[in-house]
Amino acid sequence: MTILDGRKTSNDIKNEIKAEVDKMKANNEKVPHLAAVIVGNDGASLTYVGSKVRACERVGFESTMVRMSNTTSEIELLDKIEELNNDDNIDGFIIQLPLPPQINTQKVLMAVNPNKDVDGFHPMNFGKMALDMSTFIPATPFGILELLDRYGVETDGKHTVIIGRSHIVGRPMSILMGRKGFPGNSTVTLTHSHTKNITQITSQADIIISALGIPHFLKAEMVKDDAVIIDVGITRVPDDSEKGYYITGDVDFENVSKKASYITPVPGGVGPMTIAMLLKNTLLAREQHRKRD
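Let me begin by describing the structure that accompanies this report. Nothing here was measured: the structure is a model prediction, and the numbers come from that model.

With that settled, the discussion passes to the overall build of the chain. Of regular secondary structure, the chain possesses ten helices and eleven strands. Against the globule reference of 19 Å for 293 residues, the chain gives a C-alpha radius of gyration of 19 Å, in line with a compact fold. Taken as a whole, the chain presents about 13600 Å² of accessible surface, with 50% of it coming from carbon and sulfur. One finds the centroid of the 33 positive side-chain charges in the chain at a distance of 2 Å from the centroid of its 37 negative side-chain charges.

Counting across every chain of the model gives zero aromatic pairs. Geometry around Tyr245 places Arg236 over its ring, the cationic atom sitting 4.5 Å from the centre.

Think of it this way: side chains of opposite charge can pair up when their charged atoms draw near. Scanning the model with the defined rule gives twelve salt bridges in all. Among the ionic pairs, Asp91 bridges to Arg286, the shortest N-O distance being 2.8 Å. Residue Asp91 is found in the loop between α3 (74-86) and β4 (92-95), and its partner Arg286 is found in helix α10 (residues 270-292); the two are separated by 195 residues along the sequence. With a relative accessible area of 2%, Asp91 lands in the buried category. As a salt-bridge pair, Glu287 and Arg290 come within 2.5 Å of each other at their nearest N and O atoms. Linking Glu287 with Arg290, this pair stays in helix α10, spanning three residues, or about one helical turn. Residue Glu287 is classed as partly exposed on the basis of its relative accessible area of 27%. Overlapping salt bridges bring together Glu16, Glu146, Arg150 and Lys280 as one network.

With that settled, the discussion passes to the side chain of Asp252. Turning to its location among the elements, Asp252 is positioned in the loop between β10 (245-248) and α9 (253-256). One buried charged residue, Asp252, forms no salt bridge at all, with the nearest opposite charge on Lys219 at 5.0 Å. Other than its neighbours up to four places away in sequence, Asp252 contacts His216, Leu218 and Lys219.

Each value, and the rule that gives it
- Residues numbered from 1 in each chain as written.
- Predicted model: local features only at pLDDT ≥ 70, side-chain atom pairs only at ≥ 80, totals over all residues.
- Heavy atoms only, no water.
- Helix = DSSP H or I, 4+ residues; strand = E, 2+ residues; numbered from the N terminus.
- Rg over C-alpha atoms; globule rule 2.2 N^0.38 Å.
- Areas by Shrake-Rupley, 256 points an atom, 1.4 Å probe, with all protein chains shown as cover.
- Lys, Arg positive; Asp, Glu negative; His and termini not counted.
- Charge placed at Lys NZ, Arg CZ, Asp CG, Glu CD.
- Phe/Tyr/Trp six-rings, centres within 6.5 Å; stacked < 30°, edge-to-face > 60°.
- Lys NZ or Arg CZ within 6 Å of the ring centre and 35° of its normal.
- Salt bridge = Lys/Arg side-chain N within 4 Å of Asp/Glu carboxyl O.
- Buried < 20%, exposed > 50% of the residue type's maximum accessible area, 1.4 Å probe, protein only.
- Contact = heavy atoms within 4.5 Å.

Scope: geometric values only; no functional claims are made or implied.
This is the structure in C-alpha cells:
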C-alpha cells in the first residue's frame, strides 16, 4: 500500500512555482497576484484563506485578502467583484464559500470574470473543462489529477466510482476521469445520496473518489483488494482531546488501507493539493494576462 502524500507533493509543486516566480523577478516581470474575498467570520473559512495567503508568500506571489462583514449585501459584494474584475494589478481572485444566506452564491460566481476565476467555478470555465478545452480546472479535482499523475496511478480502462455529486468535486471529477488522456480514460460511475446498492457498486471499483463529508462512510467491506482510494472528505468530529475534536475523512482509513493499493490520508492528502493547484491556476492566469497585454 502506497500513501498518496499530498503534503510532500504540494511542497514539490510550490517549489516549482517559486522557481518560475524567481525567473519572473529576475526578468523584472510582474509576479502573480491572487486576491481572496471572505464575507463573514466563519472560522474554517478564515483559517483556509489564511493558509492561502501564507502559501502566496512562500512562492513569491502578491496577495490581497478582502474581508467583508457578515451583513454585507449582495449588491455590495457584486460591486467589490466588479472592482476586482477591473483591477489590472490582480491576476486571479476567489470568493470564499460558503456565503451568508442573504447572498445568492450562483449569482456571485457568475459575476467573476472567467479570466480571473482561478477557482474554476464560472460556467464558462466549467463548460470548457467539459469540452476538454484549456481552462482553469477547479483546484480540488486538479489536485487529485496531479496526485494520480505524479504517483503514476494507472487510470486507463479502470472503473472509477465517485461518491458525491457536488459542483466543486464530484461532478467535475466524473468528467475529468472520463476524458481522453492521462489521468483519465476510465469508465466512470457517479454515485450520490439516491444511489441504491452503493456497496455493490463501490466493491467493483478500481478507483474510488469519495467527496461526501460523512466520517468513515467508506468501510473495508465496500472496497475490493488493491483499489485506489482518494478521500476528499474532511470533517471535525468532537472528542475528549484538548482541541475538542479530531479531523477525519470519508474513509475508515485504518481498515480500508489494509486492502488498498494507494490511499490518501486525512489530513495531509487532498487538502494541501487544493491550495497548491490554486497557486498553479494563478500562475496560469498571470501568463494569460501577460499574453493579452
